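Single-letter residue listing:
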Amino acid sequence: MIIVRFAGKFHPFLVYYKYMPTIVHKYGGTSVGTPEKIKNVAAKVKAVRDKGNNVVVIVSAMGHTTDELIDLMHKITTDPDPREYDMLVSTGEQVSAALLAMALQSINCPAVSLTGGQAGVETEDIYRKARIKNIKLDRVKKELKAGKVVVITGFQGIDSKGDIITIGRGGSDTSAVAIAAALKADVCDIYTDVDGVYTTDPRIVPEAKKIKSISYEEMLELASLGAQVLHPRSVECAMVYGIKIHLRSSTKDIEGTYIEEGKKMELKKAVRGVALDLEVAKVGILQVPDHPGTAAKLFKALADAKINVDMIIQSVHSVSAAADMAFTVNKTDAKKALEITQEIAKELKAEGAVSDTNVAKISIVGTGMISQPGVAARMFSSLSAAGINIEMISTSEIKISCVVKAAEGKKAVAVLHKEFELDK
Ligand code: ADP
Ligand code: ASP
Ligand code: MG
């Protein structure tokens, strides 16, 4: 109620304010893969808007468009200028966003498509894998106020120079969660071609079970360790801003998986999921003279080249007082990492450097590991019983990862899924 003074008297007024919830939807490549599918998405989005919601939709490129653009690029060059790479691969999302806006308009639903830059998504000045720094929502809010559904291209933003920047493959999930966080959205639904997060990739293990609810920590590990179903940074962003993600099917109208604050009950299960990462490579430096500063020199050079190093092992030869060191990097960085390691090997008078791209990383993840001893032993014994050789190991409080031969990756996932009874 507000009280207004009018003609010298006070009058009470009851003011009704209708709250309009803000709903963010994200549709992945398969979900907008054909004109028919785009029309289906439009119908779904319109139904949500007609219920009195503000709706913002983030889209990926149609089907395998991004891969096709990269194949096309490889017909011109294998070593593209990073700025032009971003100019090229960001176009896929523009096609699907414009088509979805048109599909909405054609069913009498006012809509507008915006590029990342137009939607105010500001990123770091790093081509190909920038992080989102800030989102200026003025334009988006203006369009919502005008009653339009706002369709935004995922996977891209704009840097301080005004250049189009992409945020890493699979990054549309992160665009969606970041936009949901900036808008303080009431709902963040990520629609995809599976109906939830499973105990492992159901394409590898058909017995995999759908998980109803998973903590941010566990999902972040699974996603970072290769479960492609969500971009790891989207989970990080959701965790920081307390956004509850509902990952669900774009074709079946059923509940999917909630990615949210962990519940105590989950701690009972030692392992919640198994992930496979085939995008890894192993690089080794052989017989490095064993004195202080060698590791620092190598890893600083790799960091300067913006190469992320994951697992590291060092084995010392007591006789020669020299050490072998091996580490893993993303496959796309393998060539560069080997060149840098070869250079450093020369400087350090080591025997040489080698790399192997024929490897895979398998990981088990679960917060319950903290309280249950023997999980690592079970992992190693079951792999060895299946005749799978472990080349590297790394652990944290809630995950254990092993590097194995690439050809044995899928078998290893199935073995571990069974060993930890995730099919039950
Ligand atoms: P989108 O194009 O919608 O972003 P993605 O292809 O990136 O979809 O991710 C969905 C795919 O992730 C699924 O088809 C599935 O094969 C794969 N995937 C990997 N690990 C899992 C998992 N643990 N649970 C569900 N899907 C998984
Ligand atoms: N289209 C981009 C890719 O294929 C981004 C995404 O789909 O999330 O990587
Ligand atoms: Mg994806």
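What you see is a predicted model; the values in this text were computed from it and never measured. (Residues numbered from 1 in each chain as written. Chains lettered and ligands numbered in written order. Predicted model: local features only at pLDDT ≥ 70, side-chain atom pairs only at ≥ 80, totals over all residues. Heavy atoms only, no water.)

### A closer look at the packing of helix α9 (residues 294-304) against helix α10 (residues 334-347)
Which entries qualify depends on this criterion: Axis angles are defined between N-to-C directions and span 0 to 180 degrees, where every axis is a line fitted to C-alpha atoms and, for a helix, only to the segment in contact. Helix numbering and strand numbering both begin at the N terminus, where a helix is a DSSP run of H or I of at least 4 residues and a strand a DSSP run of E of at least 2. Should the near helix be turned anticlockwise from the far one by less than a right angle, the crossing is left-handed, and should it be turned clockwise, the crossing is right-handed. Any two residues having at least one pair of non-hydrogen atoms within 4.5 Å are treated as being in contact. Gly is placed with the polar residues, together with every amino acid not listed as nonpolar (Ala, Val, Leu, Ile, Met, Phe, Trp, Tyr, Cys and Pro) or charged (Asp, Glu, Lys and Arg).
The interhelical angle for the contact between α9 and α10, taken along N-to-C directions, is 145°, at an axis separation of 10 Å. Our pair here, α9 against α10, has a crossing hand that is right-handed. Counted together, Lys 297, Leu 298, Ala 301 and Leu 302 of α9 and Ala 337, Ile 340, Thr 341, Ile 344 and Glu 347 of α10 form the full contact between these two elements. Residue classes in the contact of α9 with α10 are distributed as six nonpolar, one polar and two charged.

### Some points on the side chain of Thr 257
Selection rule: Identification of polar contacts relies on pairs of N or O atoms within 3.5 Å, with a donor-acceptor requirement for protein atoms, meaning one able to donate a hydrogen and the other able to accept it, and with residues adjacent in sequence counted only if both atoms are side-chain atoms.
Tracing the sequence through the fold places Thr 257 in strand β14 (residues 257-260). Within the structure, the side chain of Thr 257 is placed 2.8 Å from the backbone nitrogen of Val 197, a separation counted as a polar contact. Within polar-contact distance, the side chain of Thr 257 engages the backbone oxygen of Ile 211 at 2.5 Å. Each residue touching Thr 257, except ones within four places of it in the same chain, is listed here: Asp 195, Gly 196, Val 197, Lys 210, Ile 211, Lys 212, Ser 213, Ile 214, Ile 245, His 246 and Leu 247.

### A look at the site of ligand 1
Quick reminder of the rule: For this purpose, a residue is taken to be near a molecule or strand whenever a single non-hydrogen atom of the residue falls within 4 Å of it. The method behind every accessible area is Shrake-Rupley, applied with a 1.4 Å probe, and residues are considered shielded solely by the protein chains displayed.
Thr 192, Asp 193, Tyr 198, Asp 201 and Arg 203 are the nearest of the 16 residues found near ligand 1. In the model, an oxygen atom of ligand 1 is placed 3.2 Å from a nitrogen or oxygen of the Gly 29 main chain. Thr 192 is positioned such that a nitrogen or oxygen atom in its side chain is 2.6 Å from an oxygen atom of ligand 1. When ligand 1 is considered free in solution it has 570 Å² of accessible area, and contact with the protein chains removes 89% of it. Residues that form the shell around ligand 1 fall into these classes: six nonpolar, six polar and four charged.

### What about helix α5 (residues 138-145)?
So the rule is basically this: Classification of residues uses two cut-offs on accessible area relative to the type maximum, computed with a 1.4 Å probe and protein chains only: under 20% is buried, over 50% is exposed, and between them is partly exposed. Here the arc refers to the directions that run from the helix axis out to each C-beta atom.
Of all the positions in α5, only Val 140, Glu 143 and Leu 144 are classed as buried. What you see down the axis of α5 is that its buried residues fit within an arc of 100°, all on one side. More than 90 degrees from the buried face of α5, the exposed residues found are Asp 138, Lys 141, Lys 142 and Lys 145. One or two residues past the end of α5 sits Gly 147, with phi positive at roughly 85°.

### What to know about the sheet that holds strand β13 (residues 245-249)
The cut-off we apply is this: One requirement defines pairing of two strands: DSSP has to find at least two bridges between them.
Reading across the sheet, the eight strands line up as β5-β8-β4-β3-β11-β13-β14-β12 and stay open at both edges, with mixed pairing between neighbours. The outermost strands of the open sheet, each flanked by one partner alone, are β5 (111-114) and β12 (213-215). Averaged over neighbouring strand pairs, the angle between their axes works out to 20° when direction is ignored. In this sheet, strand β11 (residues 187-192) lies alongside strand β3 (residues 22-27) in parallel orientation, the contact comprising five bridges. Bridge assignment links Lys 26 to a residue of β11, and that residue is Ile 190. Here helix α1 (residues 35-50) sits on the sheet and contacts β3, β4 (54-59), β8 (149-153), β11 and β13; the angle it forms with β3, its principal contact strand, is near 170°.

### Examining the site of ligand 2
Taken together, Ser 60, Ala 61, Thr 66, Glu 93, Phe 155, Arg 169, Gly 170, Gly 171 and Ser 172 make up all the residues around ligand 2. One of the side-chain nitrogen or oxygen atoms of Glu 93 is found 2.6 Å away from a nitrogen atom of ligand 2. Within the contact set of ligand 2, an oxygen atom lies 3.0 Å away from a backbone nitrogen or oxygen of Ser 172. Burial of ligand 2 by the protein amounts to 85% of the accessible area it has alone, namely 270 Å². When its residues are assigned to classes, the shell around ligand 2 shows two nonpolar, five polar and two charged.

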